[in-house]
Amino acid sequence: MKHIKRTAAAVALTASTLLVSACSSSPTPDTTQNAADGKPIVNKENWPEKVPTSGLTKNLTLPLEAYMASYEDQVTVEQAANDLQQSCMKDYGIDLTLPRAGANPPPSDNDANIERRYGITDRAAAEKYGYELPPALQEHTRQTLRDLSDVEVEILTGHTKPEQPEAADGTKAGQPVAGPGLGAKPARAQYNGKKLKTGGCIGWSKDQLGVQAADPISVAELAGDSLLQSMKDDEVINAVAAWSSCMDGKGHPGLADPYKAMDQGVTLDGKPSQESIALAVADIDCKEQTDLVKVWFGVESAIQNKQIADNKSQLTGVKEQHGKEVAAARQQMTASAQ
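Residues numbered from 1 in each chain as written. Predicted model: local features only at pLDDT ≥ 70, side-chain atom pairs only at ≥ 80, totals over all residues. Heavy atoms only, no water.

Looking now at the pattern of salt bridges. If you walk through the whole model with that rule in mind, you get eleven salt bridges. One salt bridge connects Glu152 with Arg146, and the closest N-O pair in it is separated by 2.9 Å. The exposure class assigned to Glu152 is buried, which follows from its relative accessible area of 12%. When its relative accessible area of 38% is taken as the criterion, Arg146 is described as partly exposed. Linking Asp150 and Lys161 is a salt bridge whose minimum nitrogen-to-oxygen distance equals 3.7 Å. Residue Asp150 is found in helix H5 (residues 150-157), and its partner Lys161 is found in the loop between H5 and strand E1 (190-191); the two are separated by eleven residues along the sequence. (Salt bridge = Lys/Arg side-chain N within 4 Å of Asp/Glu carboxyl O. Buried < 20%, exposed > 50% of the residue type's maximum accessible area, 1.4 Å probe, protein only. Helix = DSSP H or I, 4+ residues; strand = E, 2+ residues; numbered from the N terminus.)

The structure is reproduced here in structure tokens:
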């Protein structure tokens, strides 16, 4: 079970990491032209489903998902913040177009990553892509953000432009404008007689939407703990063992758990091979034959229900805060559209 614990923690955090990278309110410059080739920069058809509609996790939602922000809601808050930041910069006479939110969606709607939480679960996808993500989710739509002057960085962020480490060839890396960074100092007090916002236009936009720096309790952390706890349950241990035996019978020996199969099946170039597809299909067939996903989901759901009972007031606060932020963001976007 040692290998399961190590890889499972990584799987549990995958969606969270992708959401953060795809939905950050701190833009960074990108000098590469948008590669959409006439396609919309934000294509909602590629956004993850809120609840799986196919595969072994079809219609399954873990209890803690009720307290997690969906990808759509995160994009709504980010885009509203971007709109406010652009408006704020315009008040200082600066035209700035920030990247559109939602251009590069993650494979899962929230931190639960239910579609791959117990390994791959969709046979139709496995037959096409093995353990890889669909091509649409492997593409990256790049959006340009012009290099900002020193004063523009100060107005936007509330601090001076950070120093940039030199690359091996002696050039400077791309210019970040988000966190304070190396050598950054507080911004000047005013620009052209107009006082700068506390925290810059980014900080002001968050204040306008009521965005808090951090939740009082990390729902993703609770979800990670519930996954680790579930793997110590005898029901799950027995179901994993049955799955492993099934895989052995299908000509794939030595796989102690579904995460080991994922490790083995992922290809270096991101393109599925016949071998990886065969492994993926067998993986899912054995999950179905042993009811592994059903068993695992049931055990973890019980654990999460206890977590919710033990942390009810804090989790209710998190949910309410998410709701306030999204409501404020929608109101702001409606006002901007008028």
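Let's shift gears to the side chain of Gln304. With respect to the helices and strands, Gln304 occurs in helix H11 (residues 292-310). Setting aside chain neighbours within four positions, we find Gln304 in contact with Leu62, Pro63, Leu64, Arg117, Ala223 and Ser226. (Contact = heavy atoms within 4.5 Å.)

Any aromatic ring pair is given by two values, namely how distant the centres are and how the planes are angled relative to each other. Counted under the stated rule, the structure contains three aromatic pairs. Taken together, a centroid distance of 6.0 Å and an interplanar angle of 70° make the contact between Tyr259 and Trp296 edge-to-face. Of the two residues, Tyr259 sits in helix H9 (residues 258-265) while Trp296 sits in helix H11, which places them 37 residues apart along the sequence. Of the residues examined, Tyr259 reaches a relative accessible area of 1% and is grouped as buried. The class for Trp296 is buried, based on a relative accessible area of 0%. Here the aromatic cluster, defined as three or more aromatic residues joined through ring pairs, consists of Tyr118, Tyr259 and Trp296. Lying over the aromatic face of Tyr92, Lys194 brings its terminal NZ or CZ to 5.6 Å of the ring centre. It is Lys319 that lies over the ring of Tyr67; its NZ or CZ is 5.5 Å from the centre. (Phe/Tyr/Trp six-rings, centres within 6.5 Å; stacked < 30°, edge-to-face > 60°. Lys NZ or Arg CZ within 6 Å of the ring centre and 35° of its normal.)

Moving on to the environment of Asp225. Examined against the element boundaries, Asp225 turns out to sit in helix H7 (residues 219-230). With 75 residues separating them along the chain, Asp225 and Glu300 place their C-alpha atoms 9.9 Å apart.

This part is about H5. The buried count for H5 comes to seven of eight residues, which makes it a mostly enclosed element. Among the residues making up H5, those that are buried are Val151, Glu152, Val153, Glu154, Ile155, Leu156 and Thr157. With its phi angle positive at about 85°, Gly158 sits one or two positions after the end of H5.

As a further point, take the environment of Gly93. Its place among the elements puts Gly93 in the loop between helix H2 (71-91) and helix H3 (123-129). On the basis of relative accessibility, which here comes to 66%, the residue Gly93 falls in the exposed class. When the C-alpha atoms of Gly93 and Asn192 are compared, they prove to be 9.5 Å apart, with 99 residues separating the residues in sequence.

Phi at Asn59 is positive, roughly 65°, even though this residue is not glycine. Residues other than glycine seldom take positive phi values, yet Asn113 does so here, at roughly 50°. Of note, Asn113 is situated in the loop between H2 and H3. With a relative accessible area of 5%, Asn113 lands in the buried category.

Over its 16 residues, helix H8 (residues 234-249) runs 23 Å from end to end, which matches the ideal 22 Å to within 8%, given 1.5 Å per residue. Along H8, the residues classified as buried are Val236, Ala239, Val240, Trp243, Cys246 and Met247. In an axial view of H8, the angular spread of the buried residues amounts to 120°, which keeps them on one side of the axis. Looking at H8, the residues exposed on the side facing more than 90 degrees away from the buried face are Asp234, Asn238 and Gly249. If you check the start of H8, you find a side-chain oxygen 2.8 Å away from the backbone N of Glu235, and it comes from Asp233. Note on H8: the residue one or two positions beyond its end, Gly251, has a positive phi of about 90°. (Expected span 1.5 Å × (residues − 1). Arc of directions from axis to C-beta. Polar contact = N/O pair within 3.5 Å; in protein donor to acceptor, adjacent residues only side chain to side chain.)

Turning our attention to the state of the cysteines. Per the stated rule, a full pass over the model turns up two disulfides. A disulfide bridge connects Cys88 with Cys201, and the sulfur atoms are separated by 2.0 Å. Because the sign of the S-S torsion sets the handedness, a value of about -70° for the bond joining Cys88 and Cys201 places this disulfide among the left-handed ones. Here the residue Cys88 occupies a position in helix H2, and Cys201 occupies one in helix H6 (residues 200-209), the gap between them amounting to 113 residues. Note on Cys88: relative accessible area 1%, which makes it buried. Each disulfide pairs two cysteine sulfurs, and for Cys246 the partner residue is Cys286, the sulfurs being separated by 2.1 Å. On the sign convention where negative is left-handed, the bridge of Cys246 and Cys286, at about -80° about the S-S bond, is left-handed. Taken together, the residues span a long stretch of sequence, with Cys246 in helix H8 and Cys286 in helix H10 (residues 274-290) at a distance of 40 residues. Taken in N- to C-terminal order, the disulfide-linked cysteines of the protein are connected 1-2, 3-4. (Disulfide = S-S within 2.5 Å.)

Shape is all these values report; function is a separate question.
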